[in-house]
Amino acid sequence: MDSIWLDGVEWLAVLRIGLGLWWLESWRHKDKKGWFERGTGIAWAADVASKHRWNAVRSGFGAVVTPRPKVMAYIVVYAELALGLGLVVGLLTPVALIGGLLLNLLYLVLMIHDWAEQGQNAMMALISLVALFAMSWQAWSLDAAIGLFL
């Protein structure tokens, strides 16, 4: 594989780190006080889910998220932080890529009617797939440094 400036494995590491920074930005800009104390994030998602055209989304949200809004707020917020950190430093990278892909797919399905968000979720999911199948943890990662997943 020919490339300019960096080799192919290093460009994949750039892609992985960029995705991690995207997750960290998603975590950073969240109003944590609103999410944790007032339940704003889960309340917004519940409103979206209640109007969803797919019954599976409405009933799934009602069964999994609605009974435990505070716990789910912490899970969502800290999952984004964990994904970002894992991808930036390259620790448990395949786990972070699969977790991020699943979270993006959940966001994509929940917000299927919000076209402003769909581009972001689709691109993050695509980057996760490419980074996973190209084994983007081969360079500039703690996984490579300690010999995990090689």
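Here is what the cut-offs are and how they apply
Residues numbered from 1 in each chain as written. Predicted model: local features only at pLDDT ≥ 70, side-chain atom pairs only at ≥ 80, totals over all residues. Heavy atoms only, no water. Core = buried A, V, L, I, M, F, W, Y, C linked by side-chain atoms within 4.5 Å. Buried < 20%, exposed > 50% of the residue type's maximum accessible area, 1.4 Å probe, protein only. Helix = DSSP H or I, 4+ residues; strand = E, 2+ residues; numbered from the N terminus. Contact = heavy atoms within 4.5 Å.

**Description of the nonpolar core**
Nonpolar side chains tend toward joint burial in soluble globular proteins. Within the largest apolar cluster, 27 residues are counted, with the highest numbers of intra-cluster contacts made by L19, W23, W35 and L97. Those elements that place two or more of their residues in this core are α1 (8-28), α2 (32-38), α3 (40-50), α4 (55-64), α5 (69-89), α6 (93-110) and α7 (115-133). Broken down by element, this core gets its largest block of residues, six residues, from α5. Filtering out sequence-adjacent residues up to four positions away, L97 remains in contact with L19, L87, S128, A131, L132, S136 and W137.

**Some details on unusual backbone geometry**
Not every positive phi belongs to a glycine, and W140 is a case in point at roughly 55°. Tracing the backbone through its elements, the reader meets W140 in the loop between α7 and α8 (142-146). Judged by relative accessible area, W140 falls into the partly exposed class, the value being 42%. Positive phi outside glycine occurs at F149, with the angle close to 60°.

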